Amino acid sequence: MVLLEAMQELPTRDEARRLDQADPLSAFRAWFHIPQHDGEDAMYFTGNSLGLQPKRAAEALQVELEDWATHGVEGHFQGRNPWVNYHERFTSGLCHLTGAKPHEVVAMNGLTVNLHLLLVSFYRPTGRRKKLMCEAKAFPSDRYALCSQIRMHGGDPAEDLIEVAPREGEHLIREEDWLAAIAQAGDELATVMVGGVNYYTGQWHNLKAITQAAHAVGAACGFDLAHAMGNVPLQLHKWNVDFACWCSYKYVNSGPGAVSGVFVHERHVRDEDGHGTLMPRLEGWWGHDAASRFKMDPEFIPMPTAEAWQLSNAPVLNMAVHKVALDLFEEAGMGALRERSLRLTAYLEQVVQCVAQRTGTDLEILTPNDPAQRGCQLSIVAHGHGRSLFDHLMAQGVVVDWREPAVIRMAPVPLYNSFEDIARFGKVLEDGLLAHGQG
Ligand SMILES: *Cc1c(COP(=O)(O)O)cnc(C)c1O
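Residues numbered from 1 in each chain as written. Predicted model: local features only at pLDDT ≥ 70, side-chain atom pairs only at ≥ 80, totals over all residues. Heavy atoms only, no water.

1. Observations concerning the packing of aromatic side chains
When we look at a pair of aromatic rings, we describe it by the centre distance and by the angle of the planes.
Thought 1: Throughout the structure, instances matching the rule amount to 11 aromatic pairs.
Thought 2: Their ring planes at 70° and their centres at 5.7 Å tell us that Phe-45 and Phe-425 sit as a pair that is edge-to-face. Highlighted residues: Phe-45 in the loop between β3 (43–44) and α2 (57–71) and Phe-425 in helix α14 (residues 419–436), separated in sequence by 380 residues.
Thought 3: Overall, Phe-45 belongs to the buried group, its relative accessible area being 0%.
Thought 4: A relative accessible area of 1% means that Phe-425 is categorised as buried.
Thought 5: With centroids separated by 4.6 Å and ring planes inclined at 70°, the aromatic side chains of Trp-285 and Trp-286 adopt a geometry described as edge-to-face.
Thought 6: Accessibility expressed as a relative area gives 38% for Trp-285, which makes it partly exposed.
Thought 7: Through successive ring pairs, a cluster of aromatic residues spans Phe-139, Tyr-199 and Tyr-200.
Thought 8: One cation-aromatic arrangement involves Arg-281 over Trp-309; the distance from NZ or CZ to the ring centre is 4.4 Å.
Thought 9: Over the ring of Trp-286 we find Arg-293; its NZ or CZ atom is 4.7 Å from the centre of that ring. (Phe/Tyr/Trp six-rings, centres within 6.5 Å; stacked < 30°, edge-to-face > 60°. Helix = DSSP H or I, 4+ residues; strand = E, 2+ residues; numbered from the N terminus. Buried < 20%, exposed > 50% of the residue type's maximum accessible area, 1.4 Å probe, protein only. Lys NZ or Arg CZ within 6 Å of the ring centre and 35° of its normal.)

2. Quick look at unusual backbone geometry
Comment: phi is negative for the bulk of residues other than glycine, and the bulk of peptide bonds are trans.
Thought 1: Cis geometry is adopted by the peptide bond preceding Pro-405, which originates at Glu-404 and carries an omega value of 0°.
Thought 2: By secondary structure assignment, the location of Pro-405 is in the loop between β14 (401–403) and β15 (407–410).
Thought 3: Located in the positive-phi region is Lys-137, a residue other than glycine, with phi close to 55°.
Thought 4: Relative to the assigned elements, Lys-137 resides in the loop between β5 (131–135) and α6 (140–152).
Thought 5: Located in the positive-phi region is Asn-240, a residue other than glycine, with phi close to 70°.
Thought 6: Residue placement: Asn-240 occurs in the loop between β8 (220–224) and β9 (243–246).
Thought 7: On the basis of relative accessible area, Asn-240 is assigned to the partly exposed category, the value being 32%.

3. Examining the domain arrangement of the chain
Thought 1: According to the domain assignment, the chain contains domain 1 (13–31 + 334–435) and domain 2 (61–330).
Thought 2: A C-alpha centroid distance of 30 Å is found between domain 1 and domain 2.
Thought 3: With 23 residues of domain 1 at the contact, the number on the domain 2 side is 19 residues.
Thought 4: Buried area between domain 1 and domain 2, both sides added, is near 1,900 Å², and the carbon and sulfur share of it is 60%.
Thought 5: Run the count over domain 1 and domain 2 and you get zero salt bridges.
Thought 6: Going through the elements one at a time, α12 (334–359) and β15 are the ones with two or more residues in the side of domain 1 that touches domain 2.
Thought 7: Among the elements that line the side of domain 1 that touches domain 2, the one with the most residues is α12, at three residues.
Thought 8: Residues belonging to the side of domain 1 that touches domain 2 are distributed by class as follows: 13 nonpolar, five polar and five charged. (Domains from an automatic or database assignment. Contact = heavy atoms within 4.5 Å. Buried area = accessible area lost by both parts, 1.4 Å probe. Salt bridge = Lys/Arg side-chain N within 4 Å of Asp/Glu carboxyl O. Nonpolar A, V, L, I, M, F, W, Y, C, P; charged D, E, K, R; others polar.)

4. Section: the pattern of salt bridges
Thought 1: Per the stated rule, a full pass over the model turns up 31 salt bridges.
Thought 2: Here Arg-29 makes a salt bridge to Asp-41, at a shortest N to O gap of 2.9 Å. Placement of Arg-29 in the loop between α1 (13–21) and β1 (36–37) and of Asp-41 in strand β2 (residues 40–41) is noted, with a sequence separation of 12 residues between them.
Thought 3: The class of Asp-41 is partly exposed, set by a relative accessible area of 25%.
Thought 4: The salt bridge partner of Arg-174 is Glu-170, with a shortest N-O separation of 2.6 Å.
Thought 5: Here Arg-174 falls in the partly exposed class, since its relative accessible area comes to 30%.

5. A look at the sheet that holds strand β11 (residues 363–365)
Thought 1: The strand order β11-β12-β15-β14 describes an open sheet built from four strands, whose pairing is antiparallel. With one partner strand each, in any of the chains shown, β11 and β14 form the two edges of the open sheet. Direction aside, the axes of adjacent strands within the sheet are offset by 25° on average.
Thought 2: Together, β11, β12 (378–382) and β15 form the strand contacts of α12, whose direction differs from that of β11 by roughly 155°. (Pairing = 2+ DSSP bridges. Axes fitted to C-alpha atoms, helices over the stretch in contact; angles between N-to-C directions.)

6. Some details on the sheet that holds strand β4 (residues 105–107)
Thought 1: Taken together, the seven strands give an open sheet; going across it, the order is β4-β10-β9-β8-β7-β5-β6, and neighbouring strands pair in mixed fashion. Both edges of this open sheet fall to β4 and β6 (161–164), since each of them pairs with a single strand only. Here the average twist between neighbouring strands, direction ignored, is 15°.
Thought 2: Pairing between strand β7 (residues 189–195) and β8: five bridges, direction parallel. By the bridge assignment, Thr-191 is partnered in β8 with Ala-220.
Thought 3: Contacts from helix α8 (residues 175–185) reach β5, β6 and β7, with the element oriented near 170° to β5.

Structure representation (structure tokens):
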């Protein structure tokens, strides 16, 4: 990777445009609807919250609506994408993003629902081994899920939930502290469940090292990949992760509330003879072996795949857009996207540092400066500034996430953000800091 020189001057739009023109991946922006502001493209940096709409989304939905209109129930077999096997359309794209084997992934449900389904299988406190470990200040939904799981088993979150925190005065969790916390919990640790990329700081934890440490003390290990999927390259199978789940409406661009997905490692989905496992899980008919599913037998025979965790038939209208969104990743290639992502985020970092220097503002970047420990998101604190800065950014067409007191979370997404977006943002930020001064 070629790092750019330290910036003295903010880049002009023309300079940034030349960088875009030199990168073939810039062409993918044209496949997305970019929200407009004052007659030009908004500077949309909230793909970490809701990814933009692929232009092929409407057509993908239309296909299913037409097939429903034309075929009624026969659409399950005669539709262009037969609904009976609909979930199988996503296997290839999900493998591309997760580094899973085809039998280790399935698209289904919502993220928090899937987290619960996986914890039913992978958090089974027994004897001394009762503790569940996560990061401090985990995404609230995850924490609610973890605490309610502990209570479901008769435990007390105050006792059984271990939250690993950054050291005093730091924002990030050091890898050595993860490993030490896991080793210390030892044979009391049942399960580790961490947000793979932290939603607030953008820190990408070392999933491989955490998994290894958890296994070394006999614990199961899984991740919520909401902010990792489509953002950083993953090798879940190789890293030996037990389970994972994610959503598809953030970096994966599949639409508001769109379908989640899960990964369950091969060793948990099939035995040596290739049969599905009988590990504890909540079961439904879509997890039943497909070959005999419609015999409607009373006994459950599990699929020898992650599909054993499926409960229901696919909500086709929710899932139609997921396919076109995943296809874009396969067309661009996650490896190439990651390369572009590294360059875009380094560029944003330099622009922010340049603005800080030119305006005499303390702009603190909470996100790790080591590219190996982050995806594309930067979380920036504008010390000494407040809401008026955010209002200025919004009024100028910059779409970022704002948290009090003055934390700007923003993600230059390699599929559709451009160097030009970042150069424009730099100018707006500088003007805002100069115009609004302190407070
Ligand atoms: C976005 C996000 C969620 C959202 O959960 P849903 O069930 O999809 O509403 C949960 N956890 C994390 C870590 C997230 O980033």
